[in-house]
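As a plain string of letters, each chain reads:
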Amino acid sequence: MKKVYVADILRRKCGNVELLGWVSRIHRLGKIVFITVDDSTGSIQIVINKNSVDKQLWDKAGKLVLETAVKVKGKMANNSLHKNKEILADELEIVGSSDFSLSPSPRSDIDIFDPRFAKLLLDKRHIYIRNPRYIYILKVRHIIIGFIRRWFDGEGFVEIQAPILTPVNLYEDKSAMQIKIDKRQVFLTQCVGFYLEAAVHALEKVYNIGPSFRAEETHSPRHLMEYWHIKSEVAFANLEDIIDLVERLIKDLTIELGKNQCFNTPILGTKFCLDGCNIPFPRIKYTEAIDYLHAKGVKVEFGRSLGPKGEVELSRKFKDTLFWITGMPRKVEPFPYVVDSADSRVTRTADLIASRGFGELLGVAEKISDINSLKGRMREKGKLNDLRYKWVEEVHQLGCVPHAAMGMGVERLVRWILGIPHVKDTIPFPRLFRRRVYP
């Protein structure tokens, strides 16, 4: 098993080293071959001098092509011209040959956000995932998810592995992916909220990080058919409680990432966002947002989503901060959410809008605990007599308590923090609408 990585070698001043990695660049200059070898932690230059190595090694160097996996042994040295560290090779072994080529090369300095390369990078994602920019993004994604999991654990939450196959949907059936099992129609989960709602009455504070699926077609830069959801629920909690929880999570995550210098993003050509540090985030009611947008010439019908244009216009108002839109209309919100007693047109919910025009980041809701209120909302949404939801009703018939929930897409979070144009570049193998499932 490999024990020494490029990052380890770059921390050394001198000595003999052994490195396993992939050839990302080759430059031949007379009797010297310069080879750049990459691994998951970085890259380093290998120098092979014809006058210093045997014929067999020189011949191997002459036949190398990009993406060949190699084992290199040699001595550390400093490049006198550039003061960069390099390895003066005295042994070279081919570990994995490279039998076909792609242009541009997978590990080259390609702009992965350039629309001209979008189809190629999607068709060959299994190869271009080797690009340093994708490696960087996926490492940040890993660290973000790891921090969030530790944060919830530190707050006394218990992680629940909710099912991916479900008989019921939070929204309409047409918006979910359908499959048949034993001739019965079931769905790939859109939201694990019903299951967390059941679990919260046992464990009081629960969370889930898992996949969600969407059948309703959209081509916005923040939607995928398959994405990862961070969901949590808290017993004996209301809307203010869940807003406070989310704000503390975003603040703590931003501060943690800001401490780590490796999260400077010159490799992406974007700016790392630290706007989540200052809480509480400002708020605007949905009804106020409608009036504000109308005054700005943005036409939004009451009872509908504000849409990307509306969110961008509001972002200009709030500038470099996240902000809440509270009291989302009951017409668009699903039945488990509490209707506001002060204004029956809206619910006790809120959407957190990311700064810098990146749109909705997450949603929170105060959920119904009273069985009669639940049945009233189910009747309103045409679900009251649907036997598939019987178990959801039963949860509300045995000591159901006030509880609140939040839900956030991992890809949207990573996109906002790193300033990435589209969520497709924040996940290893994206699933987009009107594209075959490949690779």
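Refer to the structure presented above.
Because the structure is a prediction, the values reported are computed rather than measured. (Residues numbered from 1 in each chain as written. Predicted model: local features only at pLDDT ≥ 70, side-chain atom pairs only at ≥ 80, totals over all residues. Heavy atoms only, no water.)

Peer 1: Any chance you could break down the sheet that holds strand β1 (residues 16-29) for me, citing the residues and the numbers?
Peer 2: In spatial order, the strands read β1-β2-β3-β5-β4; together these 5 strands close into a barrel with mixed pairing. Within the sheet, the average angular offset between the axes of one strand and its neighbour, ignoring direction, is 55°. As paired strands, strand β2 (residues 32-39) and strand β3 (residues 42-49) are joined by 8 bridges and run antiparallel to one another. Each residue of the ladder has a partner; that of Ile35, found in β3, is Ile46. (Pairing = 2+ DSSP bridges. Helix = DSSP H or I, 4+ residues; strand = E, 2+ residues; numbered from the N terminus. Axes fitted to C-alpha atoms, helices over the stretch in contact; angles between N-to-C directions.)

Peer 1: How would you explain the environment of Glu91 if you had to name every residue and give the values?
Peer 2: The topology assignment puts Glu91 in strand β5 (residues 85-96). Since its relative accessible area comes to 42%, Glu91 is described here as partly exposed. Excluding residues within four positions of it along the chain, Glu91 makes contact with Leu57, Lys71, Val72 and Lys73. (Buried < 20%, exposed > 50% of the residue type's maximum accessible area, 1.4 Å probe, protein only. Contact = heavy atoms within 4.5 Å.)

Peer 1: Could you give me a rundown of empty space enclosed by the protein, with the residues and numbers involved?
Peer 2: Scanning the model with the defined rule gives 2 cavities of 30 Å³ or more in all. As a volume, the largest cavity reaches approximately 80 Å³. What lines the largest cavity is Leu122, Arg125, Met225, Phe429, Pro430, Arg431, Leu432, Arg435, Arg436, Val437, Tyr438 and Pro439. Split by residue class, the lining of the largest cavity holds 8 nonpolar, no polar and 4 charged. (1 Å grid on protein atoms, 1.4 Å probe; cavity = no way out; pocket = protein on both sides within 12 Å on 5 of 7 lines; lining within 4 Å. Points joined across faces, edges and corners; volume = space filled by probe spheres on them. Nonpolar A, V, L, I, M, F, W, Y, C, P; charged D, E, K, R; others polar.)

Peer 1: Give a description of the side chain of Glu393 that names residues and reports values.
Peer 2: Turning to its location among the elements, Glu393 is positioned in helix α11 (residues 390-395). No salt bridge is formed by the buried Glu393, whose closest oppositely charged neighbour, Lys375, lies at an N-O distance of 4.3 Å. (Lys, Arg positive; Asp, Glu negative; His and termini not counted. Salt bridge = Lys/Arg side-chain N within 4 Å of Asp/Glu carboxyl O.)

Peer 1: Explain the packing of helix α8 (residues 286-295) against helix α9 (residues 307-318) to me, and be specific about the residues and the numbers.
Peer 2: Contact pair α8 / α9: the axes reach a minimum separation of 10 Å and the direction vectors enclose 90°. What the angle tells us is that α8 and α9 run roughly perpendicular. Residue-level contacts link Ala289, Tyr292 and Leu293 of α8 to Gly310, Glu313, Leu314 and Lys317 of α9. Residue composition of the contact of α8 with α9, grouped by class: 4 nonpolar, 1 polar and 2 charged. (Parallel < 35°, antiparallel > 145°, perpendicular 65-115°, else oblique.)

Peer 1: How would you summarise the packing of aromatic side chains if you had to cite specific residues and measurements?
Peer 2: Enumeration according to the criterion identifies 10 aromatic pairs in this entry. Consider the rings of Trp151 and Phe152, whose centres lie 5.6 Å apart with planes at 80°: the pair is edge-to-face. Side by side, Trp151 and Phe152 carry an identical accessibility label, which is buried. Ring geometry for Phe194 and Phe335: centres 5.8 Å apart, planes at 25°, overall stacked. In this pair, Phe194 is assigned in helix α6 (residues 193-203) and Phe335 in the loop between β13 (323-326) and β14 (349-354), connecting sequence segments 141 residues apart. Across this residue pair, the class does not change: Phe194 and Phe335 are buried. Positioned above the aromatic ring of Phe318, the side-chain terminus of Lys317 is 5.6 Å from the ring centre. (Phe/Tyr/Trp six-rings, centres within 6.5 Å; stacked < 30°, edge-to-face > 60°. Lys NZ or Arg CZ within 6 Å of the ring centre and 35° of its normal.)

Peer 1: Please provide a residue-by-residue account of the pairing of strand β8 (residues 178-181), values included.
Peer 2: The pairing of β8 with strand β9 (residues 184-188) spans 4 bridges and is antiparallel. Of the residues in β9, the one forming a bridge with Lys180 is Gln185. Counting the residues that bridge the hairpin from β8 to β9 gives 2 residues, and of these Asp182 lies at a positive phi of roughly 55°.

Peer 1: With reference to specific residues and values, describe a nonpolar patch on the surface.
Peer 2: Residues Leu165, Ile179 and Ile181 make up a contiguous nonpolar surface patch of about 220 Å² in total accessible area. Topologically, Leu165 is positioned in strand β7 (residues 165-166). For Leu165, a relative accessible area of 42% translates into the label partly exposed. (Patch = residues over 30% accessible without salt bridge, like charges linked within 9 Å, V, L, I, M, F, W, Y side chains within 5 Å. Areas by Shrake-Rupley, 256 points an atom, 1.4 Å probe, with all protein chains shown as cover.)

Peer 1: Hey, could you go over the environment of Phe157 for me, with residue numbers and the actual values?
Peer 2: If you trace the backbone, Phe157 turns up in the loop between α5 (132-154) and β6 (158-159). On a C-alpha basis, the gap between Phe157 and Val206 in space is 4.9 Å, while along the polypeptide they are 49 residues apart. Filtering out sequence-adjacent residues up to four positions away, Phe157 remains in contact with Phe152, Lys205, Val206, Tyr207, Ser232, Glu233, Val234 and Leu245.

Peer 1: Residue-level account of α9, with values.
Peer 2: Between its first and last C-alpha atoms α9 spans 17 Å; for 12 residues at 1.5 Å apiece the expected length is 16 Å, and the two agree. Listing the buried residues of α9 in full gives Gly307, Gly310, Glu311, Glu313, Leu314, Ser315 and Phe318. Elements in contact with the buried residues of α9: β12 (283-285), α8, β13, β14 and β15 (359-367). (Expected span 1.5 Å × (residues − 1).)

Peer 1: Hey, could you go over α5 for me, with residue numbers and the actual values?
Peer 2: Every α-helix winds through 3.6 residues per turn, so residues three or four apart in the chain are directed the same way. Between the first and last C-alpha of α5 there are 33 Å, a value that for 23 residues agrees with the 33 Å anticipated at 1.5 Å per step. Where α5 begins, one side-chain oxygen reaches toward the backbone nitrogen of Arg133, 2.9 Å away; that side chain belongs to Asn131. Trailing α5 by a residue or two, Gly156 shows a phi angle of about 85°, which is positive. (Polar contact = N/O pair within 3.5 Å; in protein donor to acceptor, adjacent residues only side chain to side chain.)

Peer 1: Which residues make up the pattern of salt bridges, and what are the values?
Peer 2: For the coordinates displayed, the defined rule picks out 34 salt bridges. The closest approach of N and O atoms between Lys2 and Asp39, which form a salt bridge, is 2.9 Å. Taken together, the residues Lys2 in the segment before α1 (6-10) and Asp39 in strand β2 connect sequence positions 37 residues apart. For Asp39, a relative accessible area of 4% corresponds to the buried category.

Peer 1: Kindly report on the pairing of β14, identifying the contributing residues and their values.
Peer 2: Of all 6 residues in β14, 6 are buried, a share of seventy percent or more. The two faces of β14 match: Thr349, Asp351 and Ile353 on one face and Ala350, Leu352 and Ala354 on the other face are all buried. Here β13 pairs with β14 via 4 bridges, running antiparallel. Each residue of the ladder has a partner; that of Thr326, found in β14, is Ala350. In terms of strand pairing, β14 meets β15 through 6 bridges, oriented antiparallel. Paired with Leu352 across the two strands is Leu362, which belongs to β15.

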